[in-house]
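# Notes for the structure review
In case you want the letters, here they are:
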Amino acid sequence: MLLEEFDLDVRSASTLAEGRAALASFDPDVCLTDLRLPDGDGIDFIRDARAADSRREIVVLTGHGSLGTAVEAMKAGAFDYLVKPLRPVQLEAVLERLRPGGPASDGDAALWKTLDETGHFGAMVGVSNAMREACAVIARIARSDAPVMITGESGSGKEAAAQTIHSLSRRREKPLVAINCGAVAANLIESELFGHEKGAFTGADKRRAGYFELAHGGTLFLDEITEMSPDLQVKFLRVLETRSFRRVGGNEEIGCDVRVISSSNRDLLEAVEKKTLREDLYYRLNVFPLQIVPLRERREDVPVLAKHFLDRVAENEDGGRRSFSAGALEKLAAHSWPGNVRELRNVVHRAYVLSDDGVVDEAVVEAVLAGRSSGVFVAVRPPAQASPRRSAEPSAAVEGSVAPAAPSAAAAPSGDDPLRVPVRVGDSLEDVERRLLERTLVAVDGNKKKAAEILRVSLKTVYNKIKQYKLEP
Ligand SMILES: Nc1ncnc2c1ncn2[C@@H]1O[C@H](COP(=O)(O)OP(=O)(O)OP(=O)(O)O)[C@@H](O)[C@H]1O
Ligand SMILES: [Mg+2]
């Protein structure tokens, strides 16, 4: 009855058998189906409906208690799901997205054309089959409003994928708000997420909007979801269920319309098993799983990505044209890339800094991959006051100097040079790591992003290590 009000040609079926018959006789553009049917499973219906015509879209109706099956339904090819009781506005919104010529159908063809011609798909660059498959999933995910869970190793492009999904979605004009669940202090995260009222706690001198409010109409990107405290997971779940929240210290329920994309570089099922991630939250967030393959398993992408980063860095630095020699590209393609695309980006950056005749050659790439370069360090100027005895060659200092194991060397402290991290055989790795991090942070004036760049680790790693070594109060 509702659908007829939308001026659509509608047929209804009350069993799986009737539904299958209707597929043949009526040939619908869109199907709405329950998951529990008197004579079978709605998932089978989805498979049949999509197999007969892959452009046909299916929307699933599901109860609160059966979100796990909604996930199954999305995997079987459903476009989106609606939680019962059905709200006419939601139904209307889904149908609007599915309208021919509507936001769900435009743009894809053009994107695929660009991917074929240039290897670019939104923020993603790549030509491998794994990448093309990921792009196909992303295009599909972008049309729906369902939660996405992106998994993959550090630096593989989870955030880039989230940006691409957002930029292709109907929410693209609204903000994409990213939260690093591991990086926000536990006592602050609630107010960061939900905002607070004036006077909610000491220091809350004015009302402040939280991430949920800021992302209204847009997308919320929850990075490192497994780092969320159990407490907060409960609150989060509640927001996802009620689509509303309260500011800290407030009584007013504020409605919010956000699409949630989460990410993790950990094994989520293990986190669920160990009870660090709530199972119900996991099911809520993992409706659309998207796995980003490590770079070493899609080496065809290395040359395209390397050229992409080289062009970008040249543009930013001096606008000059650079290219790789064939040997350089071979070296890059042969590397194992434990730090994935982020590592490749950094290697290209350093290789660019070290080469000046327009061609990045094999020798430079080799030196950078072997860790013998210092390009990035040169770019960082330590604060003047921190370094009265700054050495002329900061890179040499930061790389660390191994003192000879003679007892006299131990007595000669070089600890007063803030750019030097003396290392001796006998020191523990942990201690060296802590001191290197500490000194690097001082050298960049506490700028964690810069520290991460210099240390060639992710920003998150810097946050985690700071926590681990209690480097900040
Ligand atoms: N396919 C890609 N095309 C272009 N750039 C990419 C691609 N994948 C990743 N990048 C770039 O590589 C860097 C690292 O990627 P990103 O931050 O998305 O990784 P991540 O998986 O979120 O890592 P982490 O787990 O450490 O947070 C970013 O600068 C990103 O823009
Ligand atoms: Mg990330």
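Described below are features of the structure shown in this document. In this text the structure is predicted, and so the values were computed from the model without any measurement. (Residues numbered from 1 in each chain as written. Chains lettered and ligands numbered in written order. Predicted model: local features only at pLDDT ≥ 70, side-chain atom pairs only at ≥ 80, totals over all residues. Heavy atoms only, no water.)

## Overview of the site of ligand 1
The full set close to ligand 1 counts 20 residues, and Val125, Ser154, Gly155, Lys158 and Arg345 are the nearest of them. Between an oxygen atom of ligand 1 and a side-chain N or O atom of Arg342, the distance comes to 3.1 Å. Protein contacts shield 90% of the accessible area of ligand 1, which totals 630 Å² for the unbound molecule. Listed by contribution, the elements that provide at least two residues to the shell around ligand 1 are β7 (124-125), α8 (158-168), α14 (301-317) and α16 (340-354). Class assignment for the residues of the shell around ligand 1 results in eight nonpolar, six polar and six charged. (Near = heavy atom within 4 Å. Polar contact = N/O pair within 3.5 Å; in protein donor to acceptor, adjacent residues only side chain to side chain. Areas by Shrake-Rupley, 256 points an atom, 1.4 Å probe, with all protein chains shown as cover. Helix = DSSP H or I, 4+ residues; strand = E, 2+ residues; numbered from the N terminus. Nonpolar A, V, L, I, M, F, W, Y, C, P; charged D, E, K, R; others polar.)

## Quick word on the pattern of salt bridges
Under the defined criterion, the tally for this structure stands at 29 salt bridges. Between Arg11 and Asp9 there is a salt bridge, with the nearest N and O atoms lying 3.2 Å from each other. The pair Arg11 / Asp9 is uniform in exposure class, with both members exposed. Members of the salt-bridge network, linked through shared partners, are Glu197, Arg207, Glu213, Arg247 and Glu252. (Salt bridge = Lys/Arg side-chain N within 4 Å of Asp/Glu carboxyl O. Buried < 20%, exposed > 50% of the residue type's maximum accessible area, 1.4 Å probe, protein only.)

## Regarding the packing of aromatic side chains
Tallied over the entire structure, the rule returns five aromatic pairs. Plain terms: the ring middles of Phe212 and Phe236 are 5.4 Å apart, the flat faces sit at 45 degrees to each other, and that makes the pair tilted. Here Phe212, found in helix α10 (residues 211-214), pairs with Phe236, found in helix α11 (residues 230-242); they are 24 residues apart in sequence, far enough to count as distant. With respect to class, Phe212 is no different from Phe236; both count as buried. Ring pairing ties together the aromatic residues Phe194, Phe212, Phe236 and Phe245, which thus form one cluster. (Phe/Tyr/Trp six-rings, centres within 6.5 Å; stacked < 30°, edge-to-face > 60°.)

By themselves, these observations are geometric and do not establish any function.
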